[in-house]
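# Structural overview for review
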Amino acid sequence: MSQTSDRRRILSGVQPSGKLHLGNYYGAIANHVALQDQGDAYYFIADYHALTTVQDRERLAELVRDVALDYLALGLDPAKATFFRQSDVPEVTELTWLLATVTGTGLLQRGHSYKDKVANGITPRAGLFLYPVLMASDILAYLSDVVPVGKDQVQHIEMTQDMAQSFHEAYGCEVFRRPEALMAEGAAVVPGTDGRKMSKSYSNTIQIFAEGKPLKTSVMGIVTDSLGVDEPKDPEACAVYQIYKLVASPEAAAEMATRLAAGGYGYGEAKKALLAAVNEAFAPARERRRALISDPDYVEDVLRAGATAARSVAREVVGRAREAVGLARASVTDT
Ligand code: TYM
């Protein structure tokens with residue numbers, strides 16, 4: 001986790017805007033854990049971003065703690081990756097402003113994620129509109145080379161490339177690195193229980209750490225078409241199968257596809273198979289999470305140590321950006 005390492009820098013974040021779900025896991029977190037062995041990894045809990053949808057301080061604190069526990073239980077190793085809270089590095093909000101001053105509003109207006117959120121009823125406040133600028137700041141402040149994200153976030157990385165270029169052109173400098181998005185192999189947008197993208201904002205998730213009745217209720221609630229048990233079904237058009245093939249082994253997934261296509265296999269049975277597969281896949285992580293809950297000091301220590309390491313990188317980079325625009329390299333309160 002050396003900061004002077006010339007290994008490629010990998011960075012990503014997840015919002016504590018609700019309990020983490022299978023879309024987060026298969027779209028991003030599984031890849032984050034795998035990549036911690038392949039570069040200088042920085043992962044953070046995007047609490048500033050979450051303020052665009054969570055405006056309840058107790059709930060926010062609880063969700064931040066949950067995301068920290070979830071990541072550690074799912075295999076993030078603090079000896080390999082720098083893990084921190086976004087808001088512990090306030091320099092990113094400063095860089096957000098510097099980037100906002102070189103970013104055209106047209107670029108932000110074209111944002112799919114912004115348009116989807118507004119179309120799905122989230123109030124279009126300035127923070128939501130500027131969400132991609134804060135995200136660009138996260139990426140650029142740590143000189144990230146590679147940003148592992150789900151498909152829905154790729155446009156934000158492209159916007160980040162544009163913002164870095166606009167900044168360099170406006171000020172005739174080269175402060176940032178050009179980041180590239182990295183998607184998990186075979187990545188798709190994981191569907192939610194209502195067939196839309198699985199999302200914390202749409203209440204259509206299957207939570208990674210749900211167990212027992214709540215888990216059963218979400219899995220059995222996946223919306224399907226009205227084909228009867230005997231009728232042949234198209235697996236690719238079925239959200240149950242789309243999720244099952246991520247969770248189960250390739251052999252088990254192939255078997256479900258064959259049974260659906262043949263007819264005589266109902267959605268109810270497919271859902272039961274999915275429920276069993278989720279329970280099996282996440283049993284070890286649930287055990288680890290239970291152990292971590294009893295050690296809150298450890299979790300807090302990990303986040304603090306991560307913030308110290310991350311902040312020293314961001315201070316340096318944001319200092320160079322300040323200098324490029326003609327501000328003093330550090331604010332007076334830092335000197
Ligand atoms: P968030 O919390 O919305 O999503 C976290 C990660 O999960 C992926 N994801 C999905 N992948 C596949 N199918 C789905 N249904 C699905 N839902 C979510 C997302 O693509 C993401 O990788 N804006 C970021 C958080 C962020 C960030 C950053 C990421 C803030 N700053 C800097 C990278 C770099 C987000 O979408 O969070």
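Residues numbered from 1 in each chain as written. Predicted model: local features only at pLDDT ≥ 70, side-chain atom pairs only at ≥ 80, totals over all residues. Heavy atoms only, no water.

## Remarks on the layout of surface pockets
One way to see where empty space is left: roll a probe the size of a water molecule over the atoms. The condition is simple: A cavity here means a set of points on a 1 Å grid, drawn over the protein atoms and nothing else, where a 1.4 Å probe fits but cannot get out; a pocket is an open set with protein on both sides within 12 Å along at least five of seven lines, and a residue lines either one if it has an atom within 4 Å of a point. Grid points are joined across faces, edges and corners, and a volume is the space filled by probe spheres set on the points. Numbering of helices and strands starts at the N terminus; helices are DSSP runs of H or I of at least 4 residues and strands are runs of E of at least 2. Residues are grouped as follows: nonpolar covers Ala, Val, Leu, Ile, Met, Phe, Trp, Tyr, Cys and Pro; charged covers Asp, Glu, Lys and Arg; every other residue, Gly included, is treated as polar.
Reported here for the largest pocket is a volume of approximately 810 Å³. Lining the largest pocket are 42 residues; nearest its centre among them are Gln-15, Asn-24, Asp-152, Gln-153 and Lys-197. Counting residues per element, the ones that place at least two in the lining of the largest pocket are strand E1 (9-14), helix H1 (22-35), helix H6 (112-119), helix H8 (131-141) and strand E4 (146-148). The dominant element in the lining of the largest pocket, judged by the number of residues it contributes, is H1, at six residues. Residues belonging to the lining of the largest pocket are distributed by class as follows: 18 nonpolar, 17 polar and seven charged.

## Observations concerning the site of the ligand
Inclusion rule: The cutoff for a nearby residue is simple: one of its non-hydrogen atoms must lie within 4 Å of the molecule or strand. The definition of a polar contact used here is a pair of N or O atoms within 3.5 Å, where within protein one atom must be able to donate a hydrogen and the other to accept one, and adjacent residues in sequence count solely through side-chain atom pairs. Note on areas: Shrake-Rupley with a 1.4 Å probe; residue coverage comes only from the protein chains shown.
Close to the ligand lie 28 residues; Tyr-131, Asp-138, Asp-152, Val-190 and Lys-200 are nearest. Tyr-131 places a side-chain nitrogen or oxygen 2.6 Å from a nitrogen atom of the ligand. For the ligand, whose free accessible area comes to 700 Å², the fraction covered by protein is 97%. When residues of the shell around the ligand are traced back to their parent elements, those giving at least two are E1, H1 and H8. The residue makeup of the shell around the ligand, split by class, is 14 nonpolar, ten polar and four charged.

## Some words on the environment of Gly-23
Formally: Classification of residues uses two cut-offs on accessible area relative to the type maximum, computed with a 1.4 Å probe and protein chains only: under 20% is buried, over 50% is exposed, and between them is partly exposed. Note on definitions: a residue-residue contact is assigned when non-hydrogen atoms from the two residues lie within 4.5 Å.
Note that Gly-23 resides in helix H1. The class for Gly-23 is buried, based on a relative accessible area of 15%. When the C-alpha atoms of Gly-23 and Ile-206 are compared, they prove to be 8.2 Å apart, with 183 residues separating the residues in sequence. When neighbours within four sequence positions are excluded, Gly-23 is seen to be in contact with Ala-28, Val-190 and Met-198.

## Overview of the side chain of Gln-15
Here Gln-15 lies in the loop between E1 and H1. Relative accessible area serves as the criterion here: at 13%, Gln-15 is assigned to the buried category. When residues no more than four places from it in sequence are discounted, the contact partners of Gln-15 are Leu-20, Ala-46, His-49, Ala-50, Thr-52, Val-67, Lys-117, Tyr-131 and Lys-200.

Function cannot be inferred from these measures alone, as they are strictly geometric.
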